[in-house]
Amino acid sequence: MIIGTGIDIVELPRIQKIIERQEHAFVQRVLTVREQEAMPEAPGRRTEYIAGRFAVKEAISKALGTGIGGVVSFHDMEIIPDASGRPIAHITERVLREVTGTSECRCHISLTHSREYAAAQAILEI
């Protein structure tokens, strides 16, 4: 049963400006340690990667019905690729139990990039 859907779109130039001003602080706030370790070195790819993770986490928080802030933080979600490169979302058990009442929730995500945007969709299923 689907319990929520979320979508988000992020302007890459906006994320690039944030990175230029405060890359370390922004990356620390948005990405988990494992996500940081997987971040590409090339500057253009870094922006896409950070913006994509930001968009996915915003979409997941919308699917949860909480947004980012009170109940859910950026670090309560982790987006790590599987062996084939497909991004897989992991949400902390604490958040899942608090929001959905179960830790048996599956999160389906889709992520895309263009020259100007990163967009993501999330569907939560129990």
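Above this text is the structure in question.
First things first, this report covers the structure right here in the doc.

About the cut-offs
For every chain, the first residue of the written sequence is number 1, and numbering continues from 1 onward in sequence order. With pLDDT at 70 or above as the cut-off, local features in this predicted model cover only qualifying residues; side-chain atom pairs require 80 or more to be listed or tallied, and sums for whole chains, interfaces and linings still use all residues. Hydrogens and waters are ignored; side-chain quantities use all the structure's heavy atoms. Helix axes are fitted only over the stretch in contact, all axes being lines through C-alpha atoms; the angle between N-to-C directions runs from 0 to 180 degrees. Every helix listed is a DSSP run of H or I at least four residues long, and every strand listed is a run of E at least two residues long, numbered separately from the N terminus. Angles below 35 degrees are treated as roughly parallel, those above 145 as roughly antiparallel, those between 65 and 115 as roughly perpendicular, and all remaining angles as oblique. By definition, residues are in contact when any of their heavy atoms lie within 4.5 Å. Here the term charged refers only to Asp, Glu, Lys and Arg, the term nonpolar to Ala, Val, Leu, Ile, Met, Phe, Trp, Tyr, Cys and Pro, and the term polar to all other amino acids, Gly among them. Whether two strands pair comes down to DSSP finding at least two bridges between them. Between the first and last residue of a helix there are one fewer steps than residues, each counted as 1.5 Å, and that sum is the expected span. Given a residue, its bend is the angle between the two axes fitted to the seven residues that end at it and to the seven that start from it. Burial classification: accessible surface area is computed with a 1.4 Å probe over protein chains only, and a residue below 20% of its type maximum counts as buried, one above 50% as exposed, and the rest as partly exposed. Two cysteine sulfur atoms make up a disulfide if the distance between them is within 2.5 Å. Remark: nonpolar core denotes a set of buried residues (Ala, Val, Leu, Ile, Met, Phe, Trp, Tyr, Cys) joined through side-chain atoms within 4.5 Å. Pairing of aromatic rings covers Phe, Tyr and the six-membered ring of Trp, with a centre-to-centre limit of 6.5 Å; geometry is then stacked below 30 degrees between planes, edge-to-face above 60, and tilted otherwise.

**Quick notes on the packing of helix 1 (residues 12-30) against helix 3 (residues 43-64)**
It is at 10 Å that the axes of helix 1 and helix 3 come closest, and there the two elements cross at 75 degrees. With respect to their mutual orientation, helix 1 and helix 3 come out roughly perpendicular. Residues L12, I15, Q16, I19, E23, F26, V27 and V30 of helix 1 form the contact with helix 3, whose participating residues are R46, T47, E48, I50, A51, F54 and K57. Residues that form the contact of helix 1 with helix 3 fall into these classes: 9 nonpolar, 2 polar and 4 charged.

**Thoughts on the sheet that holds strand 4 (residues 106-113)**
Strand order in the open sheet formed by 3 strands is 1-5-4, with antiparallel pairing between adjacent strands. Either end of the sheet is taken by a strand with one partner, and the two such strands are strand 1 (2-11) and strand 4. Taken over all neighbouring pairs, the strand axes of this sheet differ in orientation by 10 degrees on average, direction set aside. When strand 4 meets strand 5 (residues 117-125), the two strands line up antiparallel, connected through 8 bridges. Within strand 5, the position partnered with H108 by the bridge is I123. Sitting on the sheet, helix 1 touches strand 1 and strand 5, and the angle it makes with strand 1 is about 70 degrees.

**Concerning the environment of Q36**
Residue position: Q36 is located in helix 2 (residues 33-37). For the pair Q36 and I50, spaced 14 residues apart in sequence, the C-alpha to C-alpha distance is 9.0 Å. Setting aside anything within four residues of it in sequence, one finds Q36 in contact with V27, Q28 and L31.

**Structural notes on helix 1**
Its 19 residues give helix 1 an end-to-end C-alpha distance of only 15 Å, which falls more than 12% under 27 Å, the value for a rise of 1.5 Å per residue. When the local axis directions of helix 1 are compared, the greatest deviation, roughly 115 degrees, occurs at Q22. For helix 1, the complete set of buried residues consists of L12, I15, I18, I19, F26, V27 and V30. Those residues of helix 1 hidden inside the fold are in contact with strand 1, helix 2, helix 3 and strand 5.

**What to know about the state of the cysteines**
Under the definition given, this model contains 0 disulfides. Sulfur of C105: no disulfide; nearest cysteine sulfur belongs to C107 and is 6.9 Å away. Residue C105 is classed as buried on the basis of its relative accessible area, which comes to 14%.

**With respect to the nonpolar core**
Where a protein is soluble and globular, its nonpolar side chains tend to be buried together. In this structure, I15, I50, I60, I91, C107 and I109 are the most contacted members of the largest nonpolar core, which totals 35 residues. Elements represented by at least two residues in this core include exactly helix 1, helix 3, strand 2 (77-81), strand 3 (87-91), helix 4 (93-100), strand 4 and strand 5. Considering every element that reaches this core, the biggest residue donor is helix 3, with 10 residues. When residues no more than four places from it in sequence are discounted, the contact partners of I15 are V10, F26, T47, I50 and A51.

**Quick word on the packing of aromatic side chains**
Scanning the entire structure with this criterion turns up 2 aromatic pairs. Through successive ring pairs, a cluster of aromatic residues spans F26, F54 and F74.

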